[in-house]
Amino acid sequence: MAPRVQLEKAAWRWVESVRPEDIHREHIEIAYRICVPPCKRGACRRNCKGNPNCLVGIGEHAWLGEINENNFHNIDDPNSERRDKNTFVGLTNLGATCYVNTFLQVWFHNLELRRTLYLCQNARAEEHNMDSDYEPRSICEHLQYLFALLQNSNRRYIDPSGLVKALGLDTGQQQDAQEFSKLFLSLLEDTLSKQKNPNLQNVIQLQFCGQMSYVTVCNQCGRASPLPSRYYELELNIQGHKNLTECVTEFLKEEKLDGDNRYFCESCESKQNATRRIKLHSLPHVLNLQLMRFVFDRQTGHKKKLNTFISFPEQLDMGPFLEGKDEKCVYELSAVLIHRGVSAYSGHYIAHVRDARTSDWYKFNDEEIEKMEGKKLQLGIEEDIAETVKSQTRKPKCSKGYHCSRNAYMLNVVCMTFEPSFLQRLVDRDNRKFEEWCLEMADMRKQSVDKGKAKHEEVKELYELLPAEDGQQYEFVPLEWLKKWLDDSTVTKEIDNGNFLCSHGKLHPDKVGEAKRISVKAAELLFDRYGGGPRLDGSTLCEECVGQRCRVLRLKNQLAEDYKEVTNLVKGPPKSDEGYWVGKTSLRSWRQLALEQLDEDEEETKHIDGKTNGEGPEITDEDEEEMKTFNEDILCRHGGLSILESERRLMTEEVWSKLRVYFPRAPQFTQLQEPCQQCLRLEREGKENEALNRMMASEQKCSLLNLFQEKNRPTLTKWPQETDILYIVPLFFVDEWRKFIRRPTKTTPVSSVGNSLLLCPHGGFMFTHDSMLMGDAQHIALLWPGEWEVISRHFLVDQPISICRISQELFDCVCVLCPELCRDCREGFIFQQQRDMREYAQATVYVRKVIDDKRLMEAAPEVNVSGSEAEDEREEPVTKVDGERDPDFSQDGAKRQRLSDGTIGAAASPAPMASGGKSGIRRSTRHRKLRGEKALIVSANQTLKELKIQIMHAFSVAPFDQNLSIDGRCLTDDSATLGSLGVIPESVICLKADEPIADYAALDDVYQGMFLFLSFFNFFLFFLLYTLNLLYTMN
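In the nomenclature of an unreviewed UniProt entry, the protein is known as Ubiquitin carboxyl-terminal hydrolase 48 of Oncorhynchus tshawytscha.

Okay, structure coming up:
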């Protein structure tokens, strides 16, 4: 079948010769691809989505072939979990618990230990109600229950999670197997020692414990000092040995104590050379031989595994190794514990265990158990994990009765049961649960198979009825629904055709590729069995959508020709006085707008989000802003013709008619149509307001010229003699007023003075006379009484604030504030201010590198002012009402002073505006960075050491070479916080780095000084020796 794109083109090829009004039924069926031939089985690898008649590759192959009952269910055969006859039970690996499973299997096959555990008193298990699950609590109860299940369970493997949880082991982390063996036997010994039955209290010692002594013999006097000890296993070094006998011999070998390691002999009462050795006095019934494969590597500082081959016999005579006994003590090999893997920190543990009753060997690998016989009977032989065949070391030859392994890490040798009824009852109950589970799984499998067979018959019956013959009635169903119907793994839902509807409530032509055309008979059966809707038959083919698509496609084909023609027509002037207004922006991009409009018209008929009959997604304000229509650029905000004639152009009726075809909903304005009257009225009012604002700004500037230019300003430090009262207003009011004076046409006039900003909630003043002399002056501005009268006349004042001088002494001035100072609020304000300075987070400080106590960069501030501030500092010429030019409004008259060292220092703490200055330019209070100065983000609880690390990354100066200071005060305590050191936001920290001496003349002076010092020292030493020699001769 042709690809989907080709089918799409073929479905609409007829629109080139057919107009929308000439569309007939045959054109509609071609658009919906009714006549496309269906695909045959074997012709398509997958389903053709562009062909609604293709019913191949939708999942039918699984139902039309031979029946496989296993395809109708995903339930494993429960009998695979059943224990085979005359086999052992495995243990589940819970993640990394293989080392636990190997020891449990070894201890389970110790018949004496198993019999002893069964004799342990367990009142909870004896009195347990068999109607509920049994939950062991103690370690002994868990081991009892686990051994009983391993002996008589019907399951192929059991879960040891109860015991592992009781031991507190991490199932995801592999522990040291040898250490686990020691700890578990110690825990089990402690548990059994608390049993009331005396035969059980010492069973671990009787089974696993032997007696030995460390004997030290003095070489001087021959005195022997034995130190008796018990052992539960012999830890044998395997490095440099080939067989087990060599390992045991080295374990009992005599050790010399000499040199720094000499022995203190009590008889000689001094340290003497001596010898020390281990003597075995008795052997346990079960002897554990630990082969020390995991040793500490001094070079790497980690444990490593020794892959040395060690030969060991099936029968081991330990008699020659016993001290003072010439009896035979033969042990028979009962278990070999194996570690697979090349690393000491990972790998897998397996156990080879001999059945005590049949003497057959078995390999226990978690859940898997395998009998070892014939060629498989190679004890201790397991390939390493991730080891290639080439890297494997060749195994040495072993004689009969011996085995050789490089992975065995523990040998269990034995010197050559009845079960309590309460444990048997618990095992019988677990076996009954297992049998019930098997029956339940088998029943579920049967139900799935029966359901699958019924579905198979249904699919065979309906699939033959699906194809719709030519000339017969048909319906459409979703392709995805058919696939899910044929997919037995999902639940078949009702048929939903809602997503295929157009805005007219019929089948959309673009959705026909996602639907399949089936016969009416098959549709009746499917809808009767599964329900759903709406039903889509031949009458739901949408003629409106096909006509709209035809119109859009024809216009797209015609757009290129119309664009050329319109371009030629607009070059010349209109031939008549009549025409239509078109926006210049729209005219420049009308081709792109036409394509977007056609795409929108094409999308309008599509069904979106399950809504029909023209309902679509809600259009947000953001979408409306992006949605541009033709001629929208000459619309005013009232919907009328824009008053800006420069943004529109007059077009002839011929051009407009061609554009109107592509933009039928575009706003239309004839040449005779007047612009919007509301916009004209607003334009007149705006011009009047601008003239009024200019007049107001000129009048206020003339009245308050010194305030505007910051000339002749009153200060508190030098109180003028001619007046005893000054008025206070917020500096914010003065800044906003100056903005209006500079730009009266673009700034809103200031109408009121908000002095409440400087008052507390109780109406009291927030600043003192002394604070206004310091930093608080940046919040206020001082006014002369005459200026206050002008401001009171032009602005609405909520609360007058004044400061009156009562008396003037030589160095002191007594003043009265009105309203009076609110001391409580003032203290709270100061406290909060200090707290903010010392409890800040994510604040900015500036680090400035200095050389020879001079700043690195002088008078070179970076332009670091935001656009708004730079704009505020700019002055705009203001035209007077009478037309004369005011020089005060010119930017040329205002010259900015170059910043010197003094102004740079003032940048960190801005100079008070109330104190006045020579310059008439308002300076920004923001910190201006110097070149080379860097800003760092810090917090008050950050230590000085952490700040030095930040400075190291910024300036490449090591912390120990940094000398930091702030306001001349050195910062030396690295453990102190920045808040405690007085570092506040916007602080400037000076950095002086210790540099190496680069002056060779200075180095020469240093070397000469060292030479003189050494010469003087040699002369003094010679004089001292001469004097001593003279004194010795005289005596």
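### Some remarks on the sheet that holds strand β4 (residues 224–231)
Taken in spatial order, the four strands make up an open sheet running β4-β3-β9-β6, and their pairing is antiparallel. Looking at which strands have only one partner, the edges of the open sheet turn out to be β4 and β6 (255–257). This sheet shows a mean twist of 25° between the axes of neighbouring strands, independent of strand direction. Of the pairings in the sheet, the one linking strand β3 (residues 210–218) to β4 comprises eight bridges and is antiparallel in character. When the sheet's bridge partners are listed, Gly 210 is paired in β4 with Tyr 231.

### Considering the sheet that holds strand β25 (residues 536–537)
Hydrogen bonds along the backbone pair up the strands of a sheet, which may run parallel or antiparallel. The strand order across the open sheet built from three strands is β23-β21-β25, with neighbouring strands paired in antiparallel fashion. Single-partner strands in this sheet number two, and they are β23 (515–519) and β25. Two strands pair when backbone bridges link them, and strand β21 (residues 474–478) and β25 are joined in this way by two bridges, in the antiparallel orientation. Opposite Phe 476, over in β25, you have Leu 536 as the bridge partner. The strands touched by helix α15 (residues 520–530) within the sheet are β21 and β23, with β23 carrying the most contacts at an inclination of about 105°.

### Quick notes on unusual backbone geometry
Here Gly 533 and Pro 534 are connected by a cis peptide whose omega angle stands at -10°. Within the element layout of this structure, Pro 534 appears in the loop between β24 (532–533) and β25. Geometrically, the link from Cys 818 to Pro 819 is a cis peptide bond, its omega value of 0° lying close to zero. Mapped onto the secondary structure, Pro 819 falls in the loop between β33 (813–818) and α26 (823–838). At Glu 710, a residue that is not glycine, the phi angle is positive and equals roughly 60°. One non-glycine residue, Glu 986, adopts positive backbone phi at about 70°. The residue Glu 986 is located in the loop between β38 (969–971) and β39 (988–993) in this model. When its relative accessible area of 35% is taken as the criterion, Glu 986 is described as partly exposed.

### Details of a nonpolar patch on the surface
On the surface, a nonpolar cluster with roughly 240 Å² of combined accessible area is contributed by Ile 806, Val 814 and Val 816. Along the chain, the position of Val 814 falls in strand β33.

Thresholds, definitions, all that
- Residues numbered from 1 in each chain as written.
- Predicted model: local features only at pLDDT ≥ 70, side-chain atom pairs only at ≥ 80, totals over all residues.
- Heavy atoms only, no water.
- Pairing = 2+ DSSP bridges.
- Helix = DSSP H or I, 4+ residues; strand = E, 2+ residues; numbered from the N terminus.
- Axes fitted to C-alpha atoms, helices over the stretch in contact; angles between N-to-C directions.
- Contact = heavy atoms within 4.5 Å.
- Buried < 20%, exposed > 50% of the residue type's maximum accessible area, 1.4 Å probe, protein only.
- Patch = residues over 30% accessible without salt bridge, like charges linked within 9 Å, V, L, I, M, F, W, Y side chains within 5 Å.
- Areas by Shrake-Rupley, 256 points an atom, 1.4 Å probe, with all protein chains shown as cover.
- Salt bridge = Lys/Arg side-chain N within 4 Å of Asp/Glu carboxyl O.

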